[in-house]
Amino acid sequence: MEEVCLNSEPVFDEVDEYEGEGDCSVVGHDDETGAKLSKKEPLPPTVGLEFDSFDEAYDFYNVFAKEQGFGIRVSNSWFRSKRKERYRAKLSCSSAGFKKKSEANNPRPETRTGCPAMVVIKLVDSKRWRIVEVELDHNHQVSPQIKRFYKSHKKMILAASMAQPPAEPVTEIHTIKMYRTAALDAGSNGYSNVSEREGIHPADHSNHLELKEGDAYAVYNYFCRMKLTNLNFFYLMDFDDDGSLKNVFWADARSRTACGYFCDTIVIDTTCLANKYEIPLISFVGVNHHGQSVLLGCGFLGHESVEYFVWIFRAWLKCMQGHAPQVIVTDQCKPLQIAVSEVFPKAHHCYCVWYIMHRVPEKLGGLKGFEAIKRQLNKAVYNSLRIVEFETSWAEVIKQHGLGDNKWLQTLYEDRKQWVPVYLKDTFFAGTIPIQENESLNAFFDGYVHKHTSFKEFVDKYDLALHRKHLKEAVADMQSRNSCFELKTRCNFEVQLSKVYTKEIFNKFQSEVEGMYSCFNTRQVSVNGPIITYIVKERVETEGNEKEVRNYEVLFETSQVDIRCICSLFNYKGYLCRHALNVLNYNGVEEIPSRYILPRWCKDFKYRHVDRGSCDIDVYNPVYWHNHLHKCAIPVVEGGAQSQEHYKIALHELQELLNRFNLVEDSLV
């Protein structure tokens, strides 16, 4: 398996007017950064492409030229005078410019046409060469049939012949080595090579992305453009031995930074895979400090097998510098389960109850008495406060409707500890899963992707979707920072957290404060040392707007002011429930203890989360530079948005900083 960021055609150390250092030789394959591509679709030079050396940049353009049917030469070079180091070069079509007039009696005929086709490459970070300008159009006819007669291509063939034993035919190695963030560890082969769902060997050549005409270039060009404009953009491509694209993963700078804040609990959304969409999209989604979905990376998966899931999970983990989540929520899928346990062995893996219950009509809709079955299943799943309640209710549904032989229900029951809320009360979900029947779950790209969305269409919509999500978060930041929240009660808890929580989270907590008034008859039922058990009654709505009184058990530890309700809203959502608030109020507690005010819901969470430094930091890692600078810049942005005067000061200082960067850059040239 090969993991790369960019790919091309054969690479040799061939030259025209440029001579490489040392002997001409075939560039060998690099397992971390090389890839094989079919000759049918050579990739063109694109602004933003990067290479490890000048030689490789030249090789890349020469190979492309050979496939198209023109030769190349180095028409211009720029050197730093002190060190005689090349830092910029122009590689042109061999027909570029015009030859000087010769005074010979029989001058050679003019073969140049002033062709504009060229690429300009520039040295960046003193070690990589980046394409900064491209012109693909020629002013003359190009013909692949005569490509072997160009000088640069002749030396390419010479390089190949020198690298091969005499008895073997000349072959071209379809490899190119490019600068990349370190690729995935090729080890860990402890998983099965056979799909658990389909029983197909993943190495089968049909198990790759089914790209239509134009899709490959659309994805490729998008990645090149993003790498140029979004310096912390990360992506990996996975090819098979025949050059077919199997998997793709990518994450932009915002997603990588957001992971530093919000990767404690993530949802791996495979809706497009489960519903057989045209694009096999897989998304890694977290929840930000406003309770909004935030993208932590996404990819395309060529096949639903353990091997493919493992690849994309390792890609995500590598991208996020090994920061594994504590809780992972996915759909119910055996290959997915095996892959999660292998790549994230310490994470608590759960199935999303909404995904499962959403399939009830599909799986059971044809059964007699379906409406009654659905109603009873919903009650068992969503209303059970104790495990014994769920077990009893589930058994009644199975027995009453004769569902003992239903394979799907049998599988759900076997996996119940991974998806039924009553079994997950000790797991922190940060609001990622619905815990009530009337709650829903929207995919991150909901409204942007439908069943027949193509790869090209998705790439076009991707930036728009992220822009709108980021704008929504920015507006929420501003409203949380500048708004005075409306208080609806006289409860001290409401006043306390109106100063702390973001607007969206405060509104949700405010509903719990208002819900205190639907609770009544709070009474002590037992004492065990410092732990007191209370029962809080609440009138809740049931079907048909009828009211039902339910009893909620709340444990209160008096010495440490610890509290826990049997409904476990704090673990599900991250803020205290109305029943716990009632007991605190009953005991004369006027402020919620700090341990129950999670920093991730606070207005200043990003500021408080700034990493001030660590002795274990790799100061030479560009990914760290980006993430650390981004976090340190957040207080500047927050302060600059406080007023127009602050805004002008921040803007002026940032411009001054950019000017200083330009001065440093100029001094190096």
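Just so it is clear, the model here is predicted, and its values are computed rather than measured. (Residues numbered from 1 in each chain as written. Predicted model: local features only at pLDDT ≥ 70, side-chain atom pairs only at ≥ 80, totals over all residues. Heavy atoms only, no water.)

Asker: Please explain the packing of aromatic side chains as it appears in this structure.
Answerer: Centre distance and the angle of the planes are the two values used to describe a pair of aromatic rings. Inspection of every chain in the model, using the stated rule, returns 40 aromatic pairs. Residues Phe284 and Trp316 carry aromatic rings whose centres are separated by 5.4 Å and whose planes lie at 10° to one another, so their mutual orientation is stacked. Taken together, the positions of Phe284 in strand E10 (residues 281–287) and Trp316 in helix H6 (residues 306–319) put the pair 32 residues apart, joining distant regions of the chain. Among the residues examined, Trp316 registers a relative accessible area of 0% and is labelled buried. On the numbers, 5.3 Å between centres and 80° between planes, the contact of Phe570 with Tyr596 is edge-to-face. On the criterion of sequence distance, the pair formed by Phe570 in helix H16 (residues 569–573) and Tyr596 in the loop between helix H17 (578–586) and helix H18 (605–608) is long-range, its members being 26 residues apart. Seen from the ring of Trp601, Arg600 lies directly overhead, with NZ or CZ sitting 4.8 Å from the centre. (Phe/Tyr/Trp six-rings, centres within 6.5 Å; stacked < 30°, edge-to-face > 60°. Helix = DSSP H or I, 4+ residues; strand = E, 2+ residues; numbered from the N terminus. Buried < 20%, exposed > 50% of the residue type's maximum accessible area, 1.4 Å probe, protein only. Lys NZ or Arg CZ within 6 Å of the ring centre and 35° of its normal.)

Asker: Could you clarify how one ought to interpret unusual backbone geometry in this entry?
Answerer: Look at Asn521: it is not a glycine, yet its phi comes out positive at around 55°. Note that Asn521 resides in strand E14 (residues 519–528). Owing to a relative accessible area of 41%, Asn521 belongs among the partly exposed residues under this scheme. A positive phi is found at Ser568, a non-glycine position, where the angle reads about 55°. Relative to the helices and strands, Ser568 resides in the loop between strand E17 (562–565) and H16.

Asker: I would appreciate a short explanation of the nonpolar core in the present structure.
Answerer: Most often, soluble globular proteins keep nonpolar side chains buried together rather than apart. Formed by 54 residues in total, the largest nonpolar core has its most connected members in Phe429, Tyr501, Phe509, Ile563, Leu576, Leu581 and Ile592. In terms of nonpolar packing, the next biggest core, distinct from the first, is built from 39 residues, Phe284, Trp311, Trp316 and Met320 among them. (Core = buried A, V, L, I, M, F, W, Y, C linked by side-chain atoms within 4.5 Å.)

Asker: Could you clarify how one ought to interpret the UniProt feature "domain: SWIM-type" (unreviewed entry) in the protein in this entry?
Answerer: The positions that UniProt labels "domain: SWIM-type" (unreviewed entry) are, in the present scheme, residues 552–588. Taken end to end, residues 552–588 has its terminal C-alpha atoms 20 Å apart, with 38% of it in helix and 27% in strand. (UniProt positions renumbered as here; feature names shortened; annotations may be inferred.)

Asker: Explain helix H1 (residues 54–68) here, please?
Answerer: Count 3.6 residues to each turn of an α-helix, and residues three or four apart come out pointing the same way. Over its 15 residues, H1 extends 21 Å from the first C-alpha to the last, a length consistent with the 21 Å expected when each residue adds 1.5 Å. Most of H1 sits out of view: 13 of its 15 residues are buried. Positive phi appears at Gly69, one or two residues downstream of H1, with a value of about 105°. (Expected span 1.5 Å × (residues − 1).)

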